[in-house]
Amino acid sequence: MTDGAVGSFAALSVDEPYAGIRRRSFDAHGATVTRYEFAPGARFPLHRHDQEQITLVEAGSLTMEIAGVPEQLSPGGWSVVPGGVEHGIVAGPEGARITAIVVPRRAAADAYEVVA
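In this text, all values refer to a predicted model and were calculated from it rather than measured experimentally.

A.B. asks: Honestly, the overall build of the chain in this entry has me stumped. Any pointers?
C.D. replies: In terms of helices and strands, the chain carries 0 helices and 9 strands. Relative to the globule expectation of 13 Å for 116 residues, the C-alpha radius of gyration of the chain, 14 Å, shows essentially globular dimensions. Principal axes of the C-alpha set define a box for the chain whose edges measure 40 × 30 × 25 Å. Every one of the 116 residues in the chain was classed for burial, and the buried ones make up 37%. A separation threshold of at least 6 residues defines the contact pool for the chain, and within that pool the share at least 24 residues apart is 66%. Total accessible area on the chain stands at roughly 6300 Å², and carbon and sulfur atoms take up 55% of it. Charged side chains of the chain number 9 positive and 14 negative; the gap between the two group centres comes to 5 Å.

A.B. asks: Would you explain the environment of Gly 83 in this entry?
C.D. replies: Positionally, Gly 83 belongs in the loop between strand 7 (78-81) and strand 8 (87-103). On the basis of relative accessible area, Gly 83 is assigned to the partly exposed category, the value being 38%. The contacts of Gly 83, once residues within four sequence positions are left out, are His 49, Asp 50, Gln 51 and Glu 52.

A.B. asks: Looking at this model, I keep getting lost on unusual backbone geometry. Mind explaining?
C.D. replies: Excluding glycine, residues mostly carry a negative phi; peptide bonds, for their part, are mostly trans. Following Val 103, the chain continues into Pro 104 via a peptide bond in cis, with omega recorded as -5°. Structurally, the position occupied by Pro 104 is in the loop between strand 8 and strand 9 (113-114). Positive phi, close to 50°, is recorded for Ala 67, a residue that is not glycine. Of note, Ala 67 is situated in the loop between strand 5 (52-66) and strand 6 (69-73).

A.B. asks: What exactly am I supposed to notice about the pairing of strand 2 (residues 21-27) here?
C.D. replies: Within a regular strand, the side chains alternate between the two sheet faces. Where strand 1 (residues 15-18) lies against strand 2, 2 bridges are found, and the strand directions are antiparallel. For Asp 15, the partnering residue across the bridge sits in strand 2 and is Arg 23. Connecting strand 1 to the antiparallel partner strand 2 that follows it, the hairpin turn spans 2 residues, and Gly 20 within it adopts a positive phi of roughly 80°. Here 7 bridges tie strand 2 to strand 3 (residues 32-38), and the two strands are oriented antiparallel to one another.

A.B. asks: Which parts of the structure should I look at to understand the pattern of salt bridges?
C.D. replies: Note that side chains of opposite charge can pair when their charged atoms are close. Inspection of the entire model under this criterion finds 6 salt bridges. The residue Glu 58 makes a salt bridge to Arg 35 at a minimum N-O spacing of 3.2 Å. Highlighted residues: Glu 58 in strand 5 and Arg 35 in strand 3, separated in sequence by 23 residues. Its relative accessible area of 19% is what places Arg 35 among the buried residues. In this structure, Glu 58 engages Arg 97 in a salt bridge whose closest nitrogen and oxygen atoms are separated by 2.8 Å. Taken as a pair, Glu 58 in strand 5 and Arg 97 in strand 8 lie far apart in primary sequence, 39 residues in all. Overall, Glu 58 belongs to the partly exposed group, its relative accessible area being 29%.

A.B. asks: How should I be thinking about the environment of Val 102 in this particular structure?
C.D. replies: Checked against the element boundaries, Val 102 lands in strand 8. The spacing of Val 102 and Asp 27 is 75 residues in sequence and 9.5 Å in space, taken between C-alpha atoms. When near neighbours in sequence (up to four residues on either side) are disregarded, Val 102 contacts Gly 30, Ala 31, Thr 32, Gln 51, Glu 52 and Gln 53.

What counts as what
- Residues numbered from 1 in each chain as written.
- Predicted model: local features only at pLDDT ≥ 70, side-chain atom pairs only at ≥ 80, totals over all residues.
- Heavy atoms only, no water.
- Helix = DSSP H or I, 4+ residues; strand = E, 2+ residues; numbered from the N terminus.
- Rg over C-alpha atoms; globule rule 2.2 N^0.38 Å.
- Buried < 20%, exposed > 50% of the residue type's maximum accessible area, 1.4 Å probe, protein only.
- Contact = heavy atoms within 4.5 Å.
- Areas by Shrake-Rupley, 256 points an atom, 1.4 Å probe, with all protein chains shown as cover.
- Lys, Arg positive; Asp, Glu negative; His and termini not counted.
- Charge placed at Lys NZ, Arg CZ, Asp CG, Glu CD.
- Pairing = 2+ DSSP bridges.
- Salt bridge = Lys/Arg side-chain N within 4 Å of Asp/Glu carboxyl O.

If you want it as C-alpha cells, here you go:
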C-alpha cells in the first residue's frame, strides 16, 4: 500500500475462528486491524503472539484476561497488551464488538499460540 487505501469492514470476508466469534481483518503497512463480533459468552482462548495488541471495545461488554488478571471492559474501554503476554477474551451476556490493532502486522490471521 503506497498511496493509501479506504474500505469498510462490511465489505471484508468473514471467518469464525472460534464458536460464536466472527472476524474481519485487513493489513496496513505496519499493522493488522481486526473487527471481532462475539456472541454472548463466546470465548477467544488464552493466547500469545510477538506483536503488541491494542483492543478497543465498541459495543457490549467483555472480560479480558491479561497475564492472569481479569479486567471488565465496556464500550469506550481499551487495553494494550505487550508482545509475548498471554491474554484472552470472554464476551458478556449481550456479546461484544471490538477492534484489535496488532503492531507490527501479523504474517497470518492464525499467527498466535493458544495456551489454554
